[in-house]
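Chain residues, written in single-letter form:
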Amino acid sequence: MKIHAVTSALIMAAAIGVVQTDAGAVGTQPVSSSSERHRCSPSVDIRAFSDELDKTTFDDVYAGNLSALAVDRDGRIATLSDESYLFSLAVREGAHTVGAKPIAVVPLRKQDGTAPDSEGLAVDKDGSYLITSETEPSVARYHRDGEAAAELPVPTSLAVAPVGRATRNQTFEGLTLEPGARTLIASMEGALAGDDPEAVRLQSWYRDMVDRPFRTGAQYGYRVDEGLGVAEIASVGKDRLLVLERGYTPDYGNTIRLYLADLHKAQNTSKVETLTIGGATRLADKTLLADLVNCPDLGATAGQPQENPLLDNIEGLAVTGRTTGGGLRILLVSDDNENATQTTRMYVMDIRLPR
């Protein structure tokens, strides 16, 4: 979603080689080797950021408006433009540097020939792409050439009004596959009409085997912080999600918070008409990992007011591997909205999850 006011399954230790080492990556900024110098919180360290993609084109396509990230089957990083393009990136990562270069791009087309308002992305076991569009909303499978195959069933209540209860541009913003690729989860960015404004819904689909179609599964409630919405989710194990909450306030800038959500004890809300905070329905548990305003700025600059100039409109998140200490390596990207005062910025961070 283009925000103006207030992805991918867990890759285990074998996937550490997803990125190519290149300590001299162009357009990157180094981080001090001292862990204290790049700590955002006790759970999160930022290793590097890069503006290398900012205001660039590839094959005459603008390489911005990026809203999602996922690890592709070839070890590249797939990234989704909400202008309906799918890029393949070669990501170069050194000890304290990161850079990215597009190597391919395909336009996305729905079965009716129109372009989706693409926001969420996951790569399935067979290499096809699962992509959300927040217009309807929908989740569809796309071939690697960008052509849509079939759409998944979506509960009517999640459709944009007047068909359902969702608000335009507040629907499926995040998408992730759980390990094993049998459960798919999409996150609504905002609340349904009639629900508490801070209570958003997570919709799941499941299948018994990876070569079978997905069927509609359980739905869960998740409490967002006041004034924020869910920008992205990424699975870190069965019923555990990284959740990226995001908001924007003029003259202050972006608020970006990273949470761990646990669905183990959350109740199925698919038959719950009104979702309230503190009501009878048990929502997902959440644990704050970091408020990214507390990260060191690493010398970053911002084209608009930001409490921390490192921040921008971060929308994409992918887990790319494990750290040597047993934590997770994650990649994030911001959506510049093709705006001169915003930046397409990539970040690499290490996370230590609570048990």
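Everything quoted here is computed from the prediction, not taken from an experiment.

A. Focus on the state of the cysteines. One pass over the structure, following the stated rule, counts 1 disulfide. Shown here is the disulfide that connects Cys 40 with Cys 295, its sulfur atoms set 2.0 Å apart. In this structure the cystine formed by Cys 40 and Cys 295 twists about its S-S bond by roughly 110°; its chirality is therefore right-handed. Taken together, the positions of Cys 40 in the loop between strand S1 (28–29) and strand S2 (44–50) and Cys 295 in the loop between strand S20 (285–291) and strand S21 (314–322) put the pair 255 residues apart, joining distant regions of the chain. The class for Cys 295 is buried, based on a relative accessible area of 5%.

B. Focus on the side chain of Ser 133. Relative to the helices and strands, Ser 133 is located in strand S10 (residues 129–133). Classification of Ser 133 by relative accessible area gives buried; the value is 2%.

C. Region of interest: the confidence of the model for the protein. Of the residues in the protein, 90% reach a pLDDT of 70 or more, and the chain-wide mean stands at 90. Scored below 50 in pLDDT, residues 2–34 makes 107 contacts in the model with residues more than four places away or belonging to other chains.

D. Looking closely at the pattern of salt bridges. Tallied over the entire structure, the rule returns 26 salt bridges. Of the charged contacts in the structure, one is a salt bridge between Arg 165 and Asp 195, with a shortest N-O distance of 3.0 Å. In this pair, Arg 165 sits in the loop between strand S12 (148–151) and strand S13 (172–177) while Asp 195 sits in the loop between strand S14 (183–188) and strand S15 (199–206), placing the two residues 30 residues apart along the sequence. Taken together, the salt bridges that share partners define one network made up of Asp 225, Glu 245, Arg 257, Lys 286 and Asp 291.

E. How the structure looks around the packing of aromatic side chains. What the rule picks out here adds up to 1 aromatic pair. A ring pair is formed by Phe 172 and Trp 205, whose centres lie 6.0 Å apart and whose planes are at 80°; its orientation type is edge-to-face. Separated by 33 residues along the polypeptide, Phe 172 in strand S13 and Trp 205 in strand S15 bring together distant segments of the chain. Directly above the aromatic system of Tyr 259 lies the positively charged group of Lys 286, at a separation of 3.9 Å from the ring centroid.

F. Up close: unusual backbone geometry. The peptide bond linking Glu 136 to Pro 137 adopts the cis configuration, its omega dihedral lying at 0°. Within the secondary structure, Pro 137 sits in the loop between S10 and strand S11 (138–142). The omega torsion of the bond from Ala 161 to Pro 162 falls at 15°, within 30 degrees of zero and hence cis. Mapped onto the elements, Pro 162 comes out in the loop between S12 and S13. Despite not being glycine, Asp 239 shows a phi value in the positive range, around 60°.

G. Fine view of the sheet that holds strand S18 (residues 240–249). Taken together, the 4 strands give an open sheet; going across it, the order is S17-S18-S19-S20, and neighbouring strands pair in antiparallel fashion. The open sheet is flanked by strand S17 (229–235) and S20, the only strands paired with a single partner. Strand-to-strand twist of the sheet, defined as the mean angle between neighbouring strand axes without regard to direction, takes the value 30°.

H. Spotlight on the side chain of Thr 323. Along the chain, the position of Thr 323 falls in the loop between S21 and strand S22 (328–334). For Thr 323, a relative accessible area of 15% translates into the label buried. A polar contact of 2.8 Å, which involves the side chain of Thr 323, links it to the backbone nitrogen of Gly 327. When sequence neighbours within four positions are dropped, the list of residues in contact with Thr 323 reads Leu 328, Arg 329 and Asp 350.

What counts and how
Numbers given for residues are sequential positions, taken from 1 along each chain in its written order. Local features in this predicted model are restricted to residues of pLDDT 70 or higher, and side-chain atom pairs are both shown and tallied only at a pLDDT of 80 or more, whereas totals for entire chains, interfaces and linings draw on every residue. As a rule here, side-chain values come from all non-hydrogen atoms in the structure, and water together with hydrogens is ignored. Here, a disulfide means two cysteine sulfur atoms that sit within 2.5 Å of each other. Helix and strand assignments follow DSSP, with helices taken as H or I runs no shorter than four residues and strands as E runs no shorter than two, numbered in order from the N terminus. Summary of the burial criterion: residues with accessible area below 20% of their type's maximum are buried, those above 50% are exposed, and those between are partly exposed, where the area comes from a 1.4 Å probe applied to protein chains only. Note: pLDDT gives the predictor's confidence per residue, expressed from 0 to 100. Any two residues whose heavy atoms approach within 4.5 Å are treated as being in contact. Throughout this description, the term salt bridge denotes a Lys or Arg side-chain nitrogen within 4 Å of a carboxyl oxygen of Asp or Glu. Ring pairs are drawn from Phe, Tyr and Trp, using the six-membered ring of Trp, whenever the two centres fall within 6.5 Å, and their geometry is named by plane angle: stacked under 30 degrees, edge-to-face over 60, tilted for the rest. Counted as over-ring charges are cases with an Arg CZ or a Lys NZ within 6 Å of the ring centre that also lie within 35 degrees of the ring normal. Pairing between two strands is assigned when DSSP locates at least 2 bridges connecting them. Lines fitted to C-alpha atoms define the axes, with helix axes restricted to the stretch in contact, and inter-axis angles between N-to-C directions lie between 0 and 180 degrees. Any pair of nitrogen or oxygen atoms within 3.5 Å is treated as a polar contact; in protein, a donor-acceptor pairing is required on top of that, and neighbouring residues in sequence qualify only through side-chain atoms on both sides.

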